[in-house]
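Structural overview for review
Spelled out from the first residue to the last, the chains are:
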Amino acid sequence: MTEASQPVPDQAALSRLTRTRRSGRLAHLPLWQGIEAADVESGTLALLADCETRFRALEEDHEPTWSGLMDPLEWIEQDLGAVLGPVGHLLSVKYSDALQGAYDAVRPAVIALSNAMSQSTAVYAGLKALRDSAEGRSLDTTRARILSESLRGMERAGVHLTGAARDRHQAINEELAQLSNDFQTNLVKEEGTSNLAVTDAAELAGLPEAVVQQARQKTEAAGADAQAWHFVVNGPNYMAVIQHGQHRGLRERFYRAFRSRGTSAEFDNREILQNILRLRQEKAQLVGFDHYAALSIDSKMAESTDAVWALLGELEQAARPAAEREYAELRAFMTANGAEGADAPEPWDVGFWAERLQEDRYAYDAEALREYFQLPRVLDGLFELVQTLYGVEITETADAELPRWDDDVQFFEVRQAGKVIAGFYVDPYARPGEKRGGAWMNTVVDRARTLAMDGESASLPVALFVMNARPPADGRPGLMSLDEVRTLFHEFGHATQHMFTEIDEGGASGMSLVEWDSVELASQFNEFWMEHPPFLARMTAHVDTGETLAADIIDRIQASKNFMIGNGTLRQLQFAKTDMALHERFGIDDSVDSPFALESEIAAATVVTPMLTGESQLPAFGHLFAGGYAAGYYSYKWAEVLAADAFAAFREVGLDNTDAVREVAHRFKATVLALGGSQPAAEIYRAFRGRDATPQALLADQGLIESAA
């Protein structure tokens, strides 16, 4: 590209990027389909120039007051988020090379501005002056925490660094952003081009018909005439093949293909992740921490890395006997059924035979259950639960002009006492090649005083959550597995914390300032309601007959909830231990020269089921290398302890005691869901429960210890 053709800031492009629409009381909704890759680079450059000008002026001249310093900083952050947030979201759900290229072009400037803001000695001095002033000493609890955490955040970001160390820290941030983006982009692109071909129809035995149809449609879309089925190598197809594919050879091929994601020549993430780990360690040491794990824990609910290891050890000690017993029972079942490889099961045997054992023991077919879980009906059941617990009403919007990024996306309004208080998007189905795998919740609009309109005290929160369920087929609605229903509940739990916040300060509303290892509390808590038979039954209706799932089947589902729980726990602990060990030791401990060797060592010492020699999760482990879970994957287990302990409060009053349940739900909503990050998570939890959480409720619920009851 010649100098003359270099993009320049374009205010018109910025105006197009920042266009929003209002729907009733809900405002600041992005015009998703109006965001064009052609505008992203020049429009974002204009945004960055404007924000930097405002920030530099603030550094030069500001009053060390809330209105003179904190509000202007929040406005800058909001303006950046109003563009970067929607663009980042579209890269996750409507990926294109053009959009990625435009975003890549501006990323260094985004990181540079972020570095400048987080390392500004003038702003840091202003924040300290505000803290020490009469106004600062009289701030309410919410503002006091926002201010103190802003100072701590700048300290963790290296505000004290000077000279070469400061320059190096900034360079590391830029490189880490690029590497993380490369890591995720490789996975998205690889899935879009992945292809596992089956030419022998006999290999399809046992596979769900919908999965087979999608594979055939992929063949036809590619213009292939041969009788073949081409499978995308992604999570939904992997689970279908591993759990239901009767052909052992196909299971092996799919297992090897899925477990080798991120290692192909064109999309190899192995060197990328090692560079990410090394840079994180260097960054942590620059700002005064022994390793990245210590830097990560400094902003979390856990008191120390030792506290994390202690919890993981306690859970492993409880789970291991159950896991060993479960695996012995599985092998005995394989032997009794004449299974090939029963004497030495391979990794691709475990999922298939575990599914058969579950069917035999509990007499229900997990795949057949899909026909009872229609997405619209499941949503109705979920909304009924939320309405019963929290006294709100959820309805799909009648606004046909409300902006969406895909035709499958739905939008719902949340009302309380007839008044809209929040909204949320649902994007339910997989779109290989343009939508990244997994499920997640994100924010679209925060509750914030500085975004208030028309006499409101604050803007109303809007959330989005994304899934990758199988799309509708044969004119039927989307049919969900029990695991997908659980995922829906999980993500909606996140949404409740965002939407039910009562904090008007954007810096602490919703999930802002909520410690990362507490963030999963609301989501995992929401999953527990699936274990209550009346709620589970009301979500079901057979797609052909409309019949509710029979009570005896629901009873068997409930009885099976802890099936293979010991092994499932050890698998999660393997991930958590690997994450913590990598961020404590790789690049620090000279005896650790390979993250993959350390991963294998931990796996061998933790799980009891077989793995391939050299098998690695790391090249496709987006949570660690393209998400927010670095030295924090343990958060799932930490929050699961909180969630089980919280749900125990509902069990204690009786789940069928509607009035008592609503009273506990009101207290949960008024604390955990309403207070956001206005107080430390431990204090908020104690306000709800009257004490700290312990692992006993979780271990008893999972049958890993005897219940005190």
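Keep in mind the model is a prediction, meaning the values are calculated, not measured.

Details of the overall build of the chain
Across its full length, the chain holds 27 helices and nine strands. C-alpha extents for the chain along the principal axes are approximately 80 × 65 × 55 Å. Carbon and sulfur atoms make up 48% of the accessible area of the chain, which totals about 28,300 Å².

Side note on the packing of helix 16 (residues 375-390) against helix 25 (residues 658-673)
Look at helix 16 against helix 25: their axes get within 7 Å of each other, and the N-to-C directions meet at 90°. Our classification of the angle between helix 16 and helix 25 gives roughly perpendicular. Across from Thr388, Leu389 and Tyr390 in helix 16, the residues of helix 25 making contact are Val661, Arg662, Ala665, Phe668, Lys669 and Leu673. Class assignment of the residues belonging to the contact of helix 16 with helix 25 gives a composition of six nonpolar, one polar and two charged.

Here's the deal with the pairing of strand 2 (residues 26-30)
Of all five residues in strand 2, four are buried, a share of seventy percent or more. Direction of pairing for strand 1 (residues 20-23) relative to strand 2: antiparallel, over a ladder of three bridges. What sits directly across from Thr20, in strand 2, is Pro30. Joining the antiparallel neighbours strand 1 and strand 2 is a turn of two residues, in which Gly24 adopts a positive phi near 65°.

Brief notes about the nonpolar core
Ranked by internal contacts, the top residues of the largest apolar core, which has 202 residues, are Phe424, Tyr425, Phe492 and Trp529. Here Phe424 is in contact with Phe383, Ile394, Gln410, Phe411, Phe412, Val414, Val462, Ala463, Phe465, Phe492 and Met499, once residues within four sequence places are set aside. One finds Val198, Phe231, Tyr238 and Ile242 within the second-largest nonpolar core, a separate group that totals 20 residues.

Description of the pairing of strand 6 (residues 410-416)
Judged by how many residues are buried, strand 6 sits mostly within the fold: five of seven residues are covered. Across four bridges, the pairing between strand 5 (residues 393-396) and strand 6 is antiparallel. Bridging across to strand 6, Ile394 finds its partner in Val414. Bridge count between strand 6 and strand 7 (residues 419-429): seven bridges; the pairing is antiparallel. Bridge pairing links Phe412 to Phe424 in strand 7. Counting the residues that bridge the hairpin from strand 6 to strand 7 gives two residues, and of these Ala417 lies at a positive phi of roughly 55°.

Observations concerning the side chain of Gln274
Its location among the elements puts Gln274 in helix 12 (residues 270-286). Under the relative-accessibility criterion, Gln274 is labelled buried at 16%. Residues contacting Gln274, with those up to four places away along its chain left out, are Phe586, Pro595 and Phe596.

What to know about empty space enclosed by the protein
This model, assessed by the stated rule, comprises three cavities of 30 Å³ or more. Its boundaries defined by the atoms lining it, the largest cavity holds a volume of some 90 Å³. Taken together, Gln497, Val514, Glu515, Ser518, Leu521, Val672, Gly676, Gln679, Ala681, Ile684 and Tyr685 make up the lining of the largest cavity. Per element, the largest residue contribution to the lining of the largest cavity is three residues, and it comes from helix 26 (residues 681-689). A per-class count over the lining of the largest cavity returns six nonpolar, four polar and one charged. By volume, the second largest cavity amounts to about 50 Å³. Here the residues of the lining of the second largest cavity are counted per class, giving six nonpolar, two polar and three charged.

Describing helix 26
Of the residues making up helix 26, those classed as buried are Ala681, Ile684, Tyr685, Phe688 and Arg689. Angularly, the buried residues of helix 26 cover 120° about the axis, an arc narrow enough to put them on a single face. In this fold, the buried residues of helix 26 make contact with helix 18 (521-527), helix 24 (635-653) and helix 25. Following helix 26 by one or two positions, Gly690 adopts a phi angle in the positive range, close to 85°.

Considerations on the pattern of salt bridges
On inspection of all chains with the given rule, the structure shows 57 salt bridges. One salt-bridge network, held together by shared partners, links Lys94, Asp406, Asp427, Arg431, Glu434 and Lys435.

Quick notes on the sheet that holds strand 8 (residues 440-445)
With mixed pairing, five strands are arranged side by side in an open sheet as 5-6-7-9-8. Since the sheet does not close on itself, it has two edges, and those belong to strand 5 and strand 8, each with one partner. On average, each strand axis in the sheet is inclined to that of its neighbour by 25°, with strand direction left out of account.

Examining helix 21 (residues 565-585)
Between the first and last C-alpha of helix 21 there are 29 Å, a value that for 21 residues agrees with the 30 Å anticipated at 1.5 Å per step. With 17 of its 21 residues buried, helix 21 lies for the most part within the structure. Looking one or two residues past helix 21, Gly587 carries a phi angle of roughly 85°, positive in sign.

Side note on the environment of Asn115
Note on placement: Asn115 falls in helix 4 (residues 97-118). Classification of Asn115 as buried rests on a relative accessible area of 3%. Along the primary structure Asn115 and Gly437 are separated by 322 residues, whereas in three dimensions their C-alpha atoms are 30 Å apart. Dropping the residues within four chain positions of it, Asn115 is found in contact with Gln170, Asn173 and Glu174.

Considering the packing of aromatic side chains
The tally for this structure, following the rule as stated, stands at 40 aromatic pairs. For the ring pair Trp32 and Trp405, a centre distance of 4.9 Å and an interplane angle of 75° mean the geometry is edge-to-face. Of this pair, Trp32 sits in the loop between strand 2 and helix 2 (37-60) while Trp405 sits in the loop between strand 5 and strand 6, and the two are 373 residues apart along the sequence. Plain terms: the ring middles of Tyr255 and Trp348 are 5.9 Å apart, the flat faces sit at 65° to each other, and that makes the pair edge-to-face. Taken together, the positions of Tyr255 in helix 11 (residues 248-259) and Trp348 in helix 15 (residues 347-362) put the pair 93 residues apart, joining distant regions of the chain. Comparing Tyr255 with Trp348, the two get one shared label, buried. Put simply, the rings of Phe525, Phe528, Trp529, Phe535, Phe647, Phe650, Phe668, Tyr685 and Phe688 touch in pairs and so form one group of aromatic residues. Against the face of Phe258 rests Arg261, its NZ or CZ located 3.7 Å from the ring centre. Lying across the ring of Tyr292, Arg280 places its NZ or CZ 5.6 Å from the centre.

The rules behind each value
- Residues numbered from 1 in each chain as written.
- Predicted model: local features only at pLDDT ≥ 70, side-chain atom pairs only at ≥ 80, totals over all residues.
- Heavy atoms only, no water.
- Helix = DSSP H or I, 4+ residues; strand = E, 2+ residues; numbered from the N terminus.
- Areas by Shrake-Rupley, 256 points an atom, 1.4 Å probe, with all protein chains shown as cover.
- Axes fitted to C-alpha atoms, helices over the stretch in contact; angles between N-to-C directions.
- Parallel < 35°, antiparallel > 145°, perpendicular 65-115°, else oblique.
- Contact = heavy atoms within 4.5 Å.
- Nonpolar A, V, L, I, M, F, W, Y, C, P; charged D, E, K, R; others polar.
- Buried < 20%, exposed > 50% of the residue type's maximum accessible area, 1.4 Å probe, protein only.
- Pairing = 2+ DSSP bridges.
- Core = buried A, V, L, I, M, F, W, Y, C linked by side-chain atoms within 4.5 Å.
- 1 Å grid on protein atoms, 1.4 Å probe; cavity = no way out; pocket = protein on both sides within 12 Å on 5 of 7 lines; lining within 4 Å.
- Points joined across faces, edges and corners; volume = space filled by probe spheres on them.
- Arc of directions from axis to C-beta.
- Salt bridge = Lys/Arg side-chain N within 4 Å of Asp/Glu carboxyl O.
- Expected span 1.5 Å × (residues − 1).
- Phe/Tyr/Trp six-rings, centres within 6.5 Å; stacked < 30°, edge-to-face > 60°.
- Lys NZ or Arg CZ within 6 Å of the ring centre and 35° of its normal.

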